[in-house]
Amino acid sequence: MAATQLSHVLPLGSRVNDLGHLEIGGCDALELAREFGTPAYFVAEDDIRTRARAYVEAMRARHDDFDVLFASKAFPCTAVYRLLAEEGLVCDVASGGELALALRGGFDPKRIYLHGNAKSLAELEQAIDAGIGHVVLDSFMDIDRLERVAADRGVSQRVLIRVTPGVAGRTHAKISTGQADSKFGFGLDDAKLAIERLRGSGSLELVGLHMHIGSQLLSLEAYRPAVEALATLGDFPVYNFGGGLGVAYTAGQQPPAIEEWVDANVSALHELLGRDKRLLIEPGRSLVANSTVTLYTVETVKRNVSTWVGVDGGMSDNLRPMLYGSVYEAFFADRPQLAGTGETAHVAGKHCESGDVIVRDVPLADPQPGDVLVTPATGAYGHAMASNYNGIPRPPVIFCKDGDARVVVRRETYDDLAARDV
Ligand SMILES: Cc1ncc(COP(=O)(O)O)c(C=O)c1O
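Residues numbered from 1 in each chain as written. Predicted model: local features only at pLDDT ≥ 70, side-chain atom pairs only at ≥ 80, totals over all residues.

Caption draft 1: Geometry of the domain arrangement of the protein. Here the domain parsing of the protein yields domain 1 (3-44 + 289-417) and domain 2 (46-286). For domain 1 and domain 2, the distance between their C-alpha centroids amounts to 31 Å. In this complex, domain 1 contributes 29 residues to the contact, which on the side of domain 2 involves 21 residues. Taken together, the elements giving at least two residues each to the side of domain 1 that touches domain 2 come down to helix H11 (320-324), strand E19 (397-401) and strand E20 (404-409). Sorting elements by how many residues they give to the side of domain 1 that touches domain 2 places E19 first, with 3 residues. For the side of domain 1 that touches domain 2, the class distribution of residues is 18 nonpolar, 9 polar and 2 charged. (Domains from an automatic or database assignment. Contact = placed C-beta atoms within 7 Å. Helix = DSSP H or I, 4+ residues; strand = E, 2+ residues; numbered from the N terminus. Nonpolar A, V, L, I, M, F, W, Y, C, P; charged D, E, K, R; others polar.)

Caption draft 2: Structural context of helix H8 (residues 223-231). Turning to H8, its buried residues number three or more, namely Tyr223, Ala226, Val227, Ala229 and Leu230. One side of H8 carries all its buried residues, which in axial view fall inside an arc of 155°. At its buried positions, H8 is contacted by helix H7 (188-199), strand E10 (204-210), strand E11 (238-240) and helix H9 (258-272). (Buried ≥ 20, exposed ≤ 12 C-beta atoms within 10 Å, placed from the backbone. Arc of directions from axis to C-beta.)

Caption draft 3: Structural view of helix H6 (residues 140-153). With 14 residues, H6 ought to run about 20 Å at 1.5 Å a step, and its terminal C-alpha atoms sit 20 Å apart, in line with that. Where H6 is concerned, the buried positions are Asp142, Ile143, Leu146, Glu147, Val149 and Ala150. For H6, the buried positions fall inside an angular range of 165° around the axis, keeping them on one side. Away from its buried face by more than 90 degrees, H6 exposes Met141, Asp144 and Asp152. Looking at the buried residues of H6, the elements they touch are helix H5 (121-130), strand E8 (134-137), strand E9 (157-162), H7 and E10. Just past H6, the residue Gly154 takes up positive phi, approximately 70°. (Expected span 1.5 Å × (residues − 1).)

Caption draft 4: Looking closely at unusual backbone geometry. Residue Thr38 is joined to Pro39 through a cis peptide bond whose omega torsion reads -10°. Tracing the backbone through its elements, the reader meets Pro39 in the loop between helix H1 (29-36) and strand E4 (40-44). Positive phi outside glycine occurs at Ala377, with the angle close to 65°. Tracing the backbone through its elements, the reader meets Ala377 in the loop between strand E18 (372-376) and E19. Positive phi values are uncommon outside glycine, yet Asn390 reaches one of about 65°. With respect to the element layout, Asn390 can be found in the loop between E18 and E19.

Caption draft 5: Seen up close, the sheet that holds strand E2 (residues 22-24). Within the open sheet, the 3 strands sit side by side as E1-E2-E3. Their pairing is antiparallel. Single-partner strands in this sheet number two, and they are strand E1 (15-16) and strand E3 (27-28). Taken together, the 2 bridges between E2 and E3 define a ladder with antiparallel strand orientation. If you follow Ile24 over to E3, its bridge partner there is Cys27. (Pairing = 2+ DSSP bridges.)

Caption draft 6: Up close: the packing of helix H2 (residues 45-62) against H9. Across the interface, H2 lies against H9 with an axial gap of 9 Å and an inter-helix angle of 35°. The interaxial crossing formed by H2 with H9 has right-handed handedness. Facing Arg51, Ala54, Tyr55, Ala58, Met59 and Arg62 of H2, the residues of H9 in contact are Ile258, Glu259, Val262, Asp263 and Val266. Split by residue class, the contact of H2 with H9 holds 7 nonpolar, no polar and 4 charged. (Axes fitted to C-alpha atoms, helices over the stretch in contact; angles between N-to-C directions. Left-handed = near helix turned anticlockwise from the far one by under 90°.)

Caption draft 7: Inspection of the packing of H2 against helix H3 (residues 78-86) at higher detail. Running from N to C, H2 and H3 cross one another at 40°; their axes reach a closest spacing of 10 Å. Taken together, the axis directions place H2 and H3 in an arrangement best described as oblique. For H2 against H3, the interelement crossing comes out right-handed. Between H2, through Glu45, Ile48, Arg49 and Ala52, and H3, the contact on the second element is made entirely by Val80, Leu83 and Leu84. By residue class, the composition of the contact of H2 with H3 is 5 nonpolar, no polar and 2 charged. (Parallel < 35°, antiparallel > 145°, perpendicular 65-115°, else oblique.)

In structure tokens, the structure reads:
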């Protein structure tokens with residue numbers, strides 16, 4: 001398997017340059033590693049823009065009244081918020097911190113939706129004081145609390161109800177969210193009660209229903225039954241069908257195209273709810289995952305029962321393999337043509353956990369200390385879930401475009417590790 005067979009896993013526009021090195025956003029990956037150090041997230045800026053435009057164009061071609069929301073939990077960094085605000089997207093935040101970053105990144109508060117199954121009073125106050133457009137309600141206590149905050153301030157707040165339609169998207173159990181037994185949203189019976197409850201509210205204006213049935217979905221079949229379930233709850237002007245479109249992490253994965261996913265959702269809307277609705281969609285992973293590669297440096301190569309290639313990062317920069325057994329590709333930046341060839345090895349992180357393995361059973365072409373190792377498709381839930389475990393400073397985020405690279409989040413320092421000490 002040469003790098004060309006990874007083209008749907010790598011950022012759009014990636015190539016092997018004349019030196020035989022991987023190039024991201026027009027920048028030589030080996031040069032990037034030398035200049036910015038490793039581990040680091042390198043983002044092909046144009047990749048994110050292209051996918052955002054694909055979502056907007058696909059919606060525009062099929063439906064009049066819509067918005068595309070960036071589910072910002074996937075990549076909550078100011079520069080990404082700014083980029084997607086520039087592209088005309090709307091924003092979904094799931095905490096006060098994401099709200100603060102979205103505002104900093106330039107999103108108009110009216111174009112922000114606040115989610116969360118356990119929003120605090122402080123977060124609700126922060127949202128209302130910021131003049132946020134919509135709050136997505138998740139429980140009866142959420143309703144009571146937001147109603148009090150809005151009434152105290154004398155404002156009328158627009159809200160949606162998050163519904164768990166009793167349909168689970170086919171994905172890993174930890175990222176399936178549409179089933180009845182879920183910490184998220186209202187089941188269908190409770191949703192009816194919540195709708196009734198909100199009809200009598202003086203300070204909350206119910207405009208519509210929300211669902212998000214799961215993440216990393218590689219088939220579209222669950223959307224229609226989920227929309228059918230929403231349709232039993234009455235007629236609303238606004239529907240939010242969430243995100244969930246899967247991405248290719250490995251060469252063998254072929255997710256539906258953005259246009260196919262949009263088509264499935266819009267068709268279900270038109271057939272089951274009508275054409276006169278405002279349709280919101282909320283992609284996260286499929287906007288940002290493939291835009292980014294993480295570069296690591298190989299520190300050690302150890303051979304016992306297996307071959308262990310130890311790199312300078314791990315679960316502190318990519319928790320997904322440990323959290324849900326997620327799979328990745330790995331190859332070397334200076335010989336991408338040899339991707340998929342060589343000795344079968346495990347790419348191990350540097351943390352004090354046996355489970356800290358980033359990629360298992362991946363062929364690696366003659367791994368040596370000092371090699372720069374690439375794991376593609378780390379733009380979603382990588383930086384977002386990074387930690388300081390083992391006192392590792394979190395990696396920088398570097399935007400690459402037309403051969404220029406710029407730091408948008410700097411690498412943490414040891415002083416940062418002690419910055420909250422009192
Ligand atoms: C409410 C909500 N909307 C959207 C998303 C984005 O999902 P994805 O990244 O799979 O597109 C999530 C992910 O957890 C979510 O919880």
